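# Structure assessment
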Amino acid sequence: MVNFNSSEKDYNGKKSISKPFEQKLTGWPYNWWRLMDNYKIGVIPLPLFIIAGILIFAEVLITGKLPSEIVVMIVACGFFGFLCGEIGKRLPIIGKMGAAAICATFIPSALVYYGILPTPIVEATTKFYKDTHILYLYICCIIVGSIMNMDKKTLIQGFLKIFGPMVCGEIVGMLVGVGVGYLLGLTPFDTFFFLVLPIMAGGVGEGAIPLSIGYAAILHMNQGEALGRVLPIVMLGGLTGIICGGILNRIGKAYPHLTGNGRLLPASADDEATDQKATKTESVIDVTTFASGVLLAAILYMIGMIGHKATGIPAPVGMLFAAVFVKLISGVSPKVLSGSQVVYKFFQTSVTYPILFAVGVAITPWDKIISAFTLTNLTVIVCTVVSLVTTGFFVAKRLGMYPVDAAVISCCQSGQGGTGDVAILTAAERMELMPFAQIATRIGGAINVSVSLLILGNFLV
């Protein structure tokens, strides 16, 4: 990267003694370089961003289609993802409360529904997202990088303590949600099973679909009807969680003593020394170490896949346990650990918004979301999620954890599975918490669904 510091060499290799060379050198290519370095949409230099947009629409207009191959989709998802994220960041007030993640996910969904986004782009993005399962690569690199960046003591204590705020938050959230629904004229049965439970069910694949199957069998409903009632609530709960994550981020910035900025527990002197060592190692990391970090994440995910076939535990959760085990036994060298941390930072900064764009296009039905926008539903959902998050905040504080960061995990309990975790942690600017978020959504959601369906089938029907 070009350094404009006056003590460094300029583009001609000569030292600029008194003033930055950018004040002296004009014309081609210096002005072009400055344009690239100083103006960006997300991480993309503005000139490259404009060229990418021209190429995408030229391909669609000339050929009538857009290839779904990875090279083209990197350009397309990067262009639209960072554009939507930039729009969200620049919105007044809400731009600082998670609007970037919301816009990156829901603007594409709306554009697809209203037919504004060209069909070739929609078809290519959907095919790419579903064929490659790119979200799993993203999640595994984020999880492994996060875990490898944690101190062993903090890692163990964090996993043990996080269940306190999670359980207390769910109990209070359920009670408040059912109570508010009752005050608004809904029956406790409908409020709990069709509003409150879907919010904490763990997303679509692990939550909404199993719930719809269970409701169809126990309540003798059509599964499509059950899914149609549950799915919009899952998405509105996730949207509320994103907003809460953004608000928590602002609280953390206003009151720094309440947050560890991605840590659940206060850092010890050993932790700080580890962080400094990791930062120093990062500065000299080579390409092969970066590649080793990617391979480590992929291998651990494959272990999770095999574990899923053998035990039924979701692959991301199995991978999470494998990564924790590797970290605790010091199974990889410090150099490879630093590589996984750089991989984490790369995916966090460069892949998040493109992934959210693909999620919005491929698996976020705008009509389902709009259909659930009733005042009663919104009131119950917002009260449930806010009480869930608030309880997590205060319980975590009593347990000696950073309340803002623990409350962000509570937000993820209302998220739309793995995609919801990405959006919420992006809004909260705490992607380091992904391992705990996966526990909250996947394990917490599975427990909620299983226990609730068991009670429904044996005691209430």
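Quick note: structure is the one above.
Since we're looking at a predicted model, the values are computed, not measured.

Tracing the sequence through the fold places Leu-453 in helix H21 (residues 434-460). Here the alpha-carbon distance between Leu-453 and Ile-218, two residues 235 residues apart in the chain, equals 8.4 Å. Setting aside residues up to four positions removed in sequence, Leu-453 forms contacts with Pro-210, Leu-211, Gly-214, Tyr-215 and Ile-218.

Applying the stated criterion to the full structure yields four salt bridges. Between Lys-253 and Glu-429 there is a salt bridge, and its shortest N-O distance comes to 3.5 Å. Of this pair, Lys-253 sits in helix H11 (residues 223-254) while Glu-429 sits in the loop between helix H20 (417-428) and H21; the two residues are 176 residues apart in sequence, bridging distant segments of the chain. Judged by relative accessible area, Lys-253 falls into the partly exposed class, the value being 45%. With a relative accessible area of 49%, Glu-429 lands in the partly exposed category.

So, on to the nonpolar core. Grouped together as the largest cluster of nonpolar side chains are 130 residues, with contacts concentrated most on Tyr-138, Tyr-215, Leu-264 and Leu-300. Not counting the four nearest positions on each side in its chain, Tyr-138 is found in contact with Phe-347, Gln-348, Val-351, Thr-352, Ile-355, Val-422 and Met-431.

Our next topic: the packing of aromatic side chains. Note on aromatic pairs: each is described by the distance of the centres and the angle between the planes. Enumeration according to the criterion identifies 18 aromatic pairs in this entry. When the ring of Tyr-138 is compared with that of Phe-347, the centres are 6.3 Å apart and the planes differ by 65°; the resulting orientation is edge-to-face. Of the two residues, Tyr-138 is situated in helix H6 (residues 134-148) and Phe-347 in helix H15 (residues 334-350); the sequence distance between them amounts to 209 residues. Look at Phe-393 and Phe-394: their rings are 5.2 Å apart centre to centre, the planes differ by 75°, and that puts the pair in the edge-to-face class. An aromatic cluster is present here, built from Phe-49, Phe-57, Phe-79, Phe-80 and Phe-357 joined pairwise through their rings.

Moving on, we come to the side chain of Thr-352. Looking at the secondary structure, you find Thr-352 in helix H16 (residues 352-363). Separated by 2.6 Å, the side chains of Thr-352 and Tyr-138 make a polar contact. Excluding residues within four positions of it along the chain, Thr-352 makes contact with Tyr-138, Phe-347, Val-422, Thr-426 and Met-431.

This part takes up the environment of Cys-84. Relative to the elements of secondary structure, Cys-84 occurs in helix H3 (residues 70-89). According to the relative accessible area criterion, Cys-84 is buried, its value standing at 5%. In this structure the C-alpha to C-alpha distance between Cys-84 and Ala-100, which are 16 residues apart in sequence, comes to 7.1 Å. For Cys-84, the contacting residues outside a window of four places in its chain are Ala-100, Cys-103, Ala-104, Ile-107 and Pro-108.

Another point: the packing of H3 against helix H5 (residues 119-132). Where H3 meets H5, the closest approach of the two axes is 11 Å, and the angle between their N-to-C directions is 110°. The angle between H3 and H5 places the two elements in the roughly perpendicular class. Considering only the axes of H3 and H5, their crossing is left-handed. Note on element contacts: H5 touches H3 through Ile-121, Ala-124, Thr-125 and Phe-128, opposite Ile-70, Met-73, Cys-77 and Phe-80.

Between its terminal C-alpha atoms helix H2 (residues 46-63) stretches 26 Å, which fits the 26 Å expected from 18 residues at 1.5 Å a residue. Considered for burial, the residues of H2 that qualify are Pro-47, Phe-49, Ala-52, Gly-53, Ile-56 and Val-60. Summarising the contacts, the buried residues of H2 are in contact with helix H1 (30-38), strand S1 (40-41), strand S2 (44-45), H3 and H5. Phi turns positive one or two residues past the end of H2, at Gly-64, with a value near 80°.

The rules behind these values
Residues numbered from 1 in each chain as written. Predicted model: local features only at pLDDT ≥ 70, side-chain atom pairs only at ≥ 80, totals over all residues. Heavy atoms only, no water. Helix = DSSP H or I, 4+ residues; strand = E, 2+ residues; numbered from the N terminus. Contact = heavy atoms within 4.5 Å. Salt bridge = Lys/Arg side-chain N within 4 Å of Asp/Glu carboxyl O. Buried < 20%, exposed > 50% of the residue type's maximum accessible area, 1.4 Å probe, protein only. Core = buried A, V, L, I, M, F, W, Y, C linked by side-chain atoms within 4.5 Å. Phe/Tyr/Trp six-rings, centres within 6.5 Å; stacked < 30°, edge-to-face > 60°. Polar contact = N/O pair within 3.5 Å; in protein donor to acceptor, adjacent residues only side chain to side chain. Axes fitted to C-alpha atoms, helices over the stretch in contact; angles between N-to-C directions. Parallel < 35°, antiparallel > 145°, perpendicular 65-115°, else oblique. Left-handed = near helix turned anticlockwise from the far one by under 90°. Expected span 1.5 Å × (residues − 1).

Honestly, that's just the spatial picture; any functional story needs more than this.
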